[in-house]
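Descriptive analysis of the structure
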Amino acid sequence: MYIVKKKISGKDYYYLNKSFRKGDKVISKNIAYLGKNKKEAEEKAKEIIEKMEKGISNINKGKIEQKDMDKKIESKEEKNELQKGDFSKEFTSFVQDKGFIWGPEPEIYGGLGGFYTYGPIGKLLKNKIENSVRKIFQQNGLFELEGPTVMPDIVWKASGHLETFSDPIIFTKDKKENYRADKLLEENGIKINKFEDKHLLELIKKHNIKAPNGKELELKIERQSLMMKTKVAGQDASLRPETATVTYLPFLRFYNFFRKKLPLGVFQIGKAYRNEISPRQSVIRGREFTQAEGQIFVDPKEKNNWGKFEEVKNIKLPFWTKELQNEGRDAVSMSIEQAFEKKFVKSKAYAWCLWLAYNQFKSMGIPEEKIRLRQHLDDEKAFYADDAWDIEINLNSLGWTECCGVHDRTDYDLKQHSKFSGQKLEAIRENGERFTPHVLEIAFGTDRPSYALIDAFYEKKTEGEGKTMFKVPYHMSPIDVSVFPLMKKPELIKIAEEIKKDLEKVFVVDYDISGSIGRRYLRSAEFGTPYAITIDYDSIDNKSVTVRDRDSEKQIRVKIKELKETIKKLINEELKFLDAGKLVETRVK
């Protein structure tokens, strides 16, 4: 048995855990809550273990009796915090059981960390996110590319990935497990002010950090390359760790395509691979993941001559500057123009990119109060970056989590590839002057937003409180509409199938004839489906159906011939639900 410390809403809670073998797996179970003080926790653990050895403990089948646990929880606040701690476990079950995300894969072989399968509902949600990304980028003048996922190592040597793309790794003393040092500190609630290996090790020593399984760590930090290697036709190659580099390589091609005019913007959505150290936290840290990165090529002399800045300058965003971070203060809402004037951002073009990145996540349906822009500290900013901010989302299960990086990469990338390839990756000003464009990058993926949407809108209800629901914004719901014949009668099924066929021309439709209508409504709500259409016997006579709203659970009557257009207007928020048809009473809740 061993003691485990959990960080719940910024506070430490100690538990006594026990490992046991189940089949071919080793499982860890919590058997007792020990309190919030480390010394007291150690004493209580010792006492419990002694009682167990003497056979007089009240622990039964690996769990301390609830009434005894309640006595140990000294305040209502602690109970609330522990309930929050249970969120992650319940949330994980929901994600798996409802077909969002499965893994690590292959599960039947024990799983390999960092590789996941999106189930039927999860894949539909991810599709919605990727379509939203395309829409926002395209509306703002960026065109989509698709590049290779494998490149010869000369490319990665030029980009710097081959020699410098690594993370700090620390092993347990028995060398059986390893962890990423900075993430291990963050998971224990330790604030990192310097990202140097020496400083990370000092923090691990100072706070006596142990491995999550309780093992002692070897007090030595090494570096692990994140590149996934392969060979192609006998030549050393690597899987891309990002989409950015393979976007830069055909610069001359798309520069000519855009008639040699800057600025120009392109983006990619596609797979990338990193040999992450001990990845956990589901798709938040994967070894295989989907990136969505926009690259805007600009004339460095024109960064502050950016017309689009005027369109967004009065919009307020939550800026968390490095000064606010060092002072322990929260993000401050200020206009984009104020951020530029106070020199928190260095150019109008870059400030506009911050707005565009923020707008991506807002358009996906992430609540504004859960988003902030965090400025990179001086020692974590890449050496080539002139400006660097992250977009972070406050997850219920994991707290503030980085979901996007916005960087002014200057001319580093194009110059590096010019040097190694021997090809001049340059543009020409109207006066004939040649120059290397600067790159403004918006780098994120679609896995973290997928997880964030599930996390933000999963609404757990206990028995007696109501239904557990996935109350995602209607336009981002994996399934747009459900179609239910009230009963398995040929005359109802015929009409239902005709409606389904017509709606599928525009929407993602779920067709379900199994179980009671109440059970089908519940399944629909758990998937986040905004509207459920029921075909009943009145549908035969008056050619209308009931449409049920997910959140209000109210129902209206709509003519079948008007149904497709009505659903479209409802999802696009062009029509209010109660204005879309006649309200009907119903017994089914």
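Preceding block: the structure.
This part covers helix H4 (residues 120-139). For H4, with 20 residues, the first-to-last C-alpha span of 29 Å sits near the 28 Å given by 1.5 Å per residue. Phi turns positive one or two residues past the end of H4, at Gly141, with a value near 90°.

The next point concerns the packing of aromatic side chains. Scanning the entire structure with this criterion turns up 25 aromatic pairs. Taking 5.9 Å as the distance between ring centres and 55° as the angle between the ring planes, the aromatic pair formed by Phe484 and Tyr521 counts as tilted. Highlighted residues: Phe484 in strand S27 (residues 481-485) and Tyr521 in helix H18 (residues 517-526), separated in sequence by 37 residues. Among the aromatic residues, those joined into a cluster by ring pairs are Phe91, Phe94, Phe100, Tyr451, Tyr458 and Phe470. Taking the ring centre of Phe171 as reference, the NZ or CZ of Lys175 above it sits at 4.6 Å.

It is worth spelling out the nonpolar core at this point. Grouped together as the largest cluster of nonpolar side chains are 69 residues, with contacts concentrated most on Phe100, Phe361, Ile442, Phe444 and Ile454. A per-element tally of this core places helix H14 (residues 348-364) first, with 12 residues. Not counting residues up to four positions away in its chain, the partners in contact with Ile442 are Phe137, Ala292, Glu293, Gly294, Cys353, Leu356, Ala357, Cys404, Gly405 and Val406. Of all hydrophobic cores here, the second largest spans 23 residues; its members include Val481, Val483, Val545 and Ile571.

This part is about the side chain of Ser477. Positionally, Ser477 belongs in the loop between strand S26 (469-470) and S27. A polar contact is formed between the side chain of Ser477 and the backbone oxygen of Ile479, at a distance of 2.7 Å. Apart from the residues lying within four places of it in its own chain, the contact partners of Ser477 are Lys128, Val472, Phe527, Gly528, Thr529 and Pro530.

Looking now at a nonpolar patch on the surface. On the surface, Leu486, Met487 and Tyr537 cluster together to form a nonpolar patch covering roughly 250 Å² of accessible area. Within the secondary structure, Leu486 sits in the loop between S27 and helix H17 (490-503). The partly exposed category is assigned to Leu486, whose relative accessible area is 32%.

Attention now goes to the sheet that holds strand S11 (residues 178-180). Pairing is antiparallel across the open sheet formed by 3 strands, whose spatial order is S11-S10-S12. Edge positions in the open sheet fall to S11 and strand S12 (217-225), since each of these has one partner strand only. Direction aside, the axes of adjacent strands within the sheet are offset by 35° on average. With 3 bridges joining them, strand S10 (residues 166-172) and S11 adopt antiparallel strand pairing. Each bridged residue has a counterpart across the sheet, and for Ile169 the counterpart in S11 is Arg180. Against the sheet, helix H8 (residues 197-206) touches S10 and S12, its axis set at about 150° to S12.

Read across the sheet, 6 strands follow the order S28-S27-S29-S30-S31-S32 without closing on themselves; strand pairing throughout is mixed. Unpaired on one side and paired on the other, strand S28 (509-511) and strand S32 (582-584) mark the two borders of the sheet. Within this sheet the neighbouring strands show an average axis-to-axis angle of 30°, counted without direction. As paired elements, strand S31 (residues 555-559) and S32 share 3 bridges and run antiparallel to each other. Opposite Gln555, over in S32, you have Val584 as the bridge partner. Running over the sheet, H17 touches S27, S28, strand S29 (531-535) and strand S30 (544-549) and is turned about 165° from S27.

Let's shift gears to the side chain of Gln555. On the secondary structure map, Gln555 appears in strand S31. According to the relative accessible area criterion, Gln555 is buried, its value standing at 4%. A polar contact of 3.5 Å, which involves the side chain of Gln555, links it to the side chain of Tyr521. Leaving out residues up to four positions away in the same chain, Gln555 has contacts with Tyr521, Thr546, Val547, Arg548, Phe577, Lys582, Leu583, Val584 and Thr586.

Reading the values: the criteria
- Residues numbered from 1 in each chain as written.
- Predicted model: local features only at pLDDT ≥ 70, side-chain atom pairs only at ≥ 80, totals over all residues.
- Heavy atoms only, no water.
- Helix = DSSP H or I, 4+ residues; strand = E, 2+ residues; numbered from the N terminus.
- Expected span 1.5 Å × (residues − 1).
- Phe/Tyr/Trp six-rings, centres within 6.5 Å; stacked < 30°, edge-to-face > 60°.
- Lys NZ or Arg CZ within 6 Å of the ring centre and 35° of its normal.
- Core = buried A, V, L, I, M, F, W, Y, C linked by side-chain atoms within 4.5 Å.
- Buried < 20%, exposed > 50% of the residue type's maximum accessible area, 1.4 Å probe, protein only.
- Contact = heavy atoms within 4.5 Å.
- Polar contact = N/O pair within 3.5 Å; in protein donor to acceptor, adjacent residues only side chain to side chain.
- Patch = residues over 30% accessible without salt bridge, like charges linked within 9 Å, V, L, I, M, F, W, Y side chains within 5 Å.
- Areas by Shrake-Rupley, 256 points an atom, 1.4 Å probe, with all protein chains shown as cover.
- Salt bridge = Lys/Arg side-chain N within 4 Å of Asp/Glu carboxyl O.
- Pairing = 2+ DSSP bridges.
- Axes fitted to C-alpha atoms, helices over the stretch in contact; angles between N-to-C directions.

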